[in-house]
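Letter by letter, the chains look like this.
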Amino acid sequence: MSTSAKGGWAASGGGGGASMEYVSTRGGTGTVDFEGALFSGYAPDQGLFMPQHIPLLDGDTLRRWSSLSYRELVKELCSLFITAELIPRSMLNDLIDRAFSRFRHKDVVHLSRLKDGLNVLELWHGVTYAFKDLSLSCTGQFLQYFLEKKQKHVTILVGTSGDTGSSAIESVRGQKNMDIFVLLPKGFCTQIQELQMTTVIEDNVHVFAAHGNSDEIDEPIKELFADVDFARKYNLMSLNSVNWSRIMVQIAHHFYAYFQCAPSLDTTPLPVVEIVVPTGGGGNITAGCIAQKMGLPIRLVAAVNSNDIIHRTVQRGDFSLSESVKATLASAMDIQAPPRVRKETGKKVGKPRRNASSMAICSLPRAEQVSAGRERPQPWKSMEEPYNVERILWLLSGSDSHLIKTLMERFSASKSLTLPEDLHRKLSETLRSCSASDEDIVRAMQRCWEENHYLLCPHSAVAAHYHYSQPDGVPRCCLAPASAAKFQDALLRAGLVPQLPPEITALTAMETRSTPLDRGQDWAQALRGWIEAMAQWREARGHCLAASGQQGITGQGVTQT
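Residues numbered from 1 in each chain as written. Predicted model: local features only at pLDDT ≥ 70, side-chain atom pairs only at ≥ 80, totals over all residues. Heavy atoms only, no water.

Participant: I'm lost on the sheet that holds strand S8 (residues 178–185) in this one. Help?
Facilitator: The strands making up a sheet associate through hydrogen bonds between their backbones, and the pairing can be parallel or antiparallel. Pairing is parallel across the open sheet formed by five strands, whose spatial order is S10-S7-S8-S9-S15. Strands at the two margins of the open sheet, each flanked by one partner only, are strand S10 (236–237) and strand S15 (515–517). Sheet topology places strand S7 (residues 154–159) next to S10; two bridges connect them, and they run parallel. Opposite Thr155, over in S10, you have Leu236 as the bridge partner. Sitting on the sheet, helix H6 (residues 163–172) touches S7, S8 and strand S9 (205–210), and the angle it makes with S8 is about 165°. Its contacts with the sheet place helix H7 (residues 191–198) against S8 and S9, and it is angled at close to 155° to S8. (Pairing = 2+ DSSP bridges. Helix = DSSP H or I, 4+ residues; strand = E, 2+ residues; numbered from the N terminus. Contact = heavy atoms within 4.5 Å. Axes fitted to C-alpha atoms, helices over the stretch in contact; angles between N-to-C directions.)

Participant: I keep staring at the sheet that holds strand S5 (residues 110–113) and nothing clicks. Help me out?
Facilitator: Spatial strand order, S5-S6-S14-S11-S12-S13: six strands in an open sheet with mixed pairing. Both outer strands of the open sheet, S5 and strand S13 (431–435), are each paired with one neighbouring strand and no more. In this sheet, neighbouring strand axes are inclined to one another by 25° on average, regardless of whether the strands run parallel or antiparallel. In this structure, strand S11 (residues 273–278) lies alongside strand S14 (residues 476–480), joined through three bridges in parallel fashion. Across the sheet, the residue bridging to Glu274 is Arg476, located in S14. Across the sheet, helix H16 (residues 421–430) is in contact with strand S12 (298–304) and S13; its angle to S13 comes to roughly 75°.

Participant: Please explain the confidence of the model for the chain as it appears in this structure.
Facilitator: One rule of thumb: low pLDDT means the predicted coordinates there are not for detailed reading. Chain-level statistics for the chain give a pLDDT mean of 86 and a share of 85% at 70 or above. For the stretch residues 1–17, pLDDT sits under 50, and the model shows 46 contacts to residues farther than four places along the chain or on other chains. The low-confidence segment residues 552–561, where pLDDT is below 50, has 31 contacts with residues more than four positions distant or belonging to other chains. (pLDDT = per-residue confidence, 0-100.)

Participant: Before we go on, may I ask you to explain H7 in this structure?
Facilitator: Since there are 3.6 residues in each turn of an α-helix, residues three or four apart along the chain are aligned in direction. Summarising burial for H7: seven of the eight residues are buried, a large majority. Within H7 the residues assigned to the buried category are Ile192, Gln193, Glu194, Leu195, Gln196, Met197 and Thr198. The inward-facing, buried residues of H7 contact H6, S8, S9, helix H19 (488–493) and helix H20 (502–505). (Buried < 20%, exposed > 50% of the residue type's maximum accessible area, 1.4 Å probe, protein only.)

Participant: Looking at this model, I keep getting lost on the pattern of salt bridges. Mind explaining?
Facilitator: Pairing of side chains with opposite charge becomes possible as their charged atoms draw close. Per the stated rule, a full pass over the model turns up 30 salt bridges. Between Arg26 and Glu390 there is a salt bridge whose closest N-O contact spans 2.9 Å. Pair noted here: Arg26 is in the loop between strand S2 (22–24) and helix H1 (34–40) and Glu390 is in helix H14 (residues 389–396), with a separation of 364 residues, a long-range link. Note on accessibility: Arg26 and Glu390 belong to one class, buried. Among the salt bridges present, the one from Asp422 reaches Lys426, with a minimum N-O distance of 3.4 Å. Here Lys426 and Asp422 lie together in helix H16, a separation of four residues that amounts to about one turn. (Salt bridge = Lys/Arg side-chain N within 4 Å of Asp/Glu carboxyl O.)

Laid out in structure tokens, this is it:
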């Protein structure tokens, strides 16, 4: 392989260069290796980890990679960002193969070539029928590799309004070195999304159905992470797209899309392919920007719904949160929450209802079943802010961490930011953008069905809307983040008939398990109690295993270098 990078870094053919390290976008912390970035989530200075240098691929490497499968592309790309000293290449290949072993399609992802030049890259052939399965399945394997090697344990906290929770659960289910605690806002996920979480009956999976909205479930998670002593004692971490590992794997989407849709790689320079990315938190579009920096000749389009903060940022340099968030058919992209207001809490719930002695046995206690017929909260329309924009701005600023720290602190304080003129110019040169209303989404879904008998999910339809609005002749690929089967209401709104695969139909007959979090409870204290109780249970179980001659997990710390 022939690769180079700005700053003098060069990659070898077998794995990432020995100097591949990660820095914070805000410049307030030292460098870490991939393991440190994997377990950290946010950097200590509240920035996001990025590679200190981006490897630059030459044309010969791109031509050679053009014949690789998606699985092989993930391996090649990950080997550039993970040193062989941390994960030997043969082991890295094995971990990625394990990650994709449960995907339904033999090629892991699939490109559907439809009429009028509409190319749809289906990223949803994993267990939960969502694109997050791709990056999270790999991330779960990387975590387990390091944890098992060092016999350590982590506690994963996830707040979700949709696919993140189920994908995160599937990525770590059954793993002895990880417990995952997922908070979902009861009544705000689709029935399928909720069942994909509550039907996973595993020792290390703990699902909480909170009677509140998406913003409110963020608060107890933020509170626990802010308690430095508690977070360190129980090794708290998150699996949202703050985590660099997810961004890294998603870079492969863009390489595969390019190689599938480029008309020919025999020309110099290589042809440009436009990639349309349905955009919410900005993880996938960030991965595309990194692919561009690596030398992939792509033109990126950030396609958003009516919640258009990224569109406004690209078009006008206006990175400001709106006063309200519109509920749309493409609900996973309903991102640009107003400033958060901490909910009032009433009595504290304390620890879980099980006492410590009931945990000190060698079988896992079952979480409570959610009681039927509870009153649902009133609909609310918020999600988190598009935090990965910070990574894009850092890239475009030439890694100017001082500038990014200043800008993001200003944004954090006021939830409003006008980009400096030079930075906005670079952003608008790097990205195109469009915004689609619900009516646009419905029309794109209907047209795609009428012309192809192909069902789009509403998020994929945002990308298709952009395609249908453009003149012919440009090689283009639309990323499809989820299966239409998960969004029956949107299909019915478009006058289309949902087609449910048997795996989804079977969910309604499966046993479910979750623990309610009611209004008036102190949710952070409830979670503390559960996490502490599970730690006590693991310790007691370890003693039982030791007495029987089996090996348990000892220690709580995860070494970060």
